[in-house]
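Examining the three-dimensional arrangement
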Amino acid sequence: DAFLSHSWTDNAELKWDALQTWREDFRVLHNREPRVFIDKFCLDQSAPQFEDRLACLPVFLAGCNSLLVLCGESYLSRMWCIVEIWVFIE
């Protein structure tokens, strides 16, 4: 349903609260739990093929109906976050 975009350095508690608010809104609207692509859980970042998997980012984003941006203080200064937005709207 959604690709989660966020900066790992932003406040985890604020991001968790925002995610739970979005989740509850989704549940009310769709009468089910959302499916969310979270990079830390969907990509093994320690695997030797990690960089190859990053090349698949457009495919991962295309499989999602929306981009859920949890924009904290550092989000817009992180190049990778901007790349995720750019790839999604492209």
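A brief look at the structure comes next. Residue positions are counted from 1 within each chain, in the order its sequence is given. Given that this is a predicted model, residues contribute local features only at a pLDDT of at least 70 and side-chain atom pairs are listed and counted only at 80 or more, while totals for whole chains, interfaces and linings are drawn from all residues. Note that water and hydrogens are dropped before the side-chain values are worked out from all heavy atoms of the structure.

1. Some points on the side chain of Ser7
Helix and strand definitions follow DSSP, with helices as H or I runs of at least four residues and strands as E runs of at least two, each counted in order from the N terminus. Positionally, Ser7 belongs in the loop between strand E1 (2-6) and helix H1 (12-30). One polar contact links Ser7 to Thr9, side chain to side chain, over a distance of 2.9 Å. Contacts are assigned to residue pairs that have any heavy atoms within 4.5 Å of one another. When neighbours within four sequence positions are excluded, Ser7 is seen to be in contact with Lys15, Ser74, Tyr75, Arg78 and Cys81. For this analysis, a polar contact is any N or O atom pair within 3.5 Å, provided that within protein one partner can donate a hydrogen and the other can accept it, and provided that sequence-adjacent residues contribute only side-chain to side-chain pairs.

2. A few points about the sheet that holds strand E3 (residues 66-70)
Across a sheet, paired strands are connected by hydrogen bonds in the backbone, their directions being either parallel or antiparallel. We call two strands paired when DSSP finds no fewer than two bridges between them. Spatially, the 3 strands line up as an open sheet ordered E2-E1-E3, and their pairing is parallel. The two strands at the open ends of the sheet, each matched to only one other strand, are strand E2 (36-37) and E3. Contacts from H1 reach E1, E2 and E3 within the one sheet, and its direction differs from that of E3 by about 145°. Working convention: axes come from line fits to C-alpha atoms, limited for helices to the stretch in contact. Angles between N-to-C directions cover 0 to 180 degrees.

3. Re the pattern of salt bridges
The salt bridge criterion pairs a side-chain nitrogen of Lys or Arg with a carboxyl oxygen of Asp or Glu, the two atoms within 4 Å. As enumerated under the stated definition, the model contains 5 salt bridges in all. Between Arg32 and Asp1 there is a salt bridge, with the nearest N and O atoms lying 2.8 Å from each other. Of this pair, Arg32 sits in the loop between H1 and E2 while Asp1 sits in the segment before E1; the two residues are 31 residues apart in sequence, bridging distant segments of the chain. For every residue, the accessible area obtained with a 1.4 Å probe (protein chains only) is divided by the maximum for its type, and the residue is called buried under 20%, exposed over 50%, and partly exposed between those limits. The class for Arg32 is partly exposed, based on a relative accessible area of 30%. Close ionic contact of Arg27 with Glu33 constitutes a salt bridge, the shortest N to O distance being 3.5 Å. Looking at Arg27, the relative accessible area reads 31%, which means it is partly exposed. The exposure class assigned to Glu33 is partly exposed, which follows from its relative accessible area of 40%.

4. So, the environment of Asn65
Assignment of secondary structure puts Asn65 in the loop between helix H4 (57-62) and E3. Taking the relative accessible area as the measure of exposure, Asn65 reaches 65% and is therefore exposed. Considered as a pair, Asn65 and Phe3 are 62 residues apart in the sequence and their alpha carbons are 8.0 Å apart. Residue contacts for Asn65: discarding those within four places in its chain leaves Asp1 and Phe88.

5. Let's talk about H1
Expected helix span is taken as 1.5 Å per residue step, with the number of steps being one fewer than the number of residues. Spanning 19 residues, H1 covers 26 Å between terminal C-alpha atoms, matching the ideal 27 Å at 1.5 Å per step. Of all the positions in H1, only Lys15, Leu19 and Phe26 are classed as buried. Each buried residue of H1 sits inside an arc of 30° when the element is viewed along its axis, so together they form one side. Residues of H1 that are exposed and point over 90 degrees away from its buried face: Glu13, Leu14, Asp25 and Val28. Where H1 is buried, its residues contact E1 and E3. If you check the start of H1, you find a side-chain oxygen 2.9 Å away from the backbone N of Glu13, and it comes from Asn11. Directly beyond the C-terminal end of H1, a positive phi value near 60° is found at Asn31. In this context, the arc is that of the directions from the helix axis out to the C-beta atoms.

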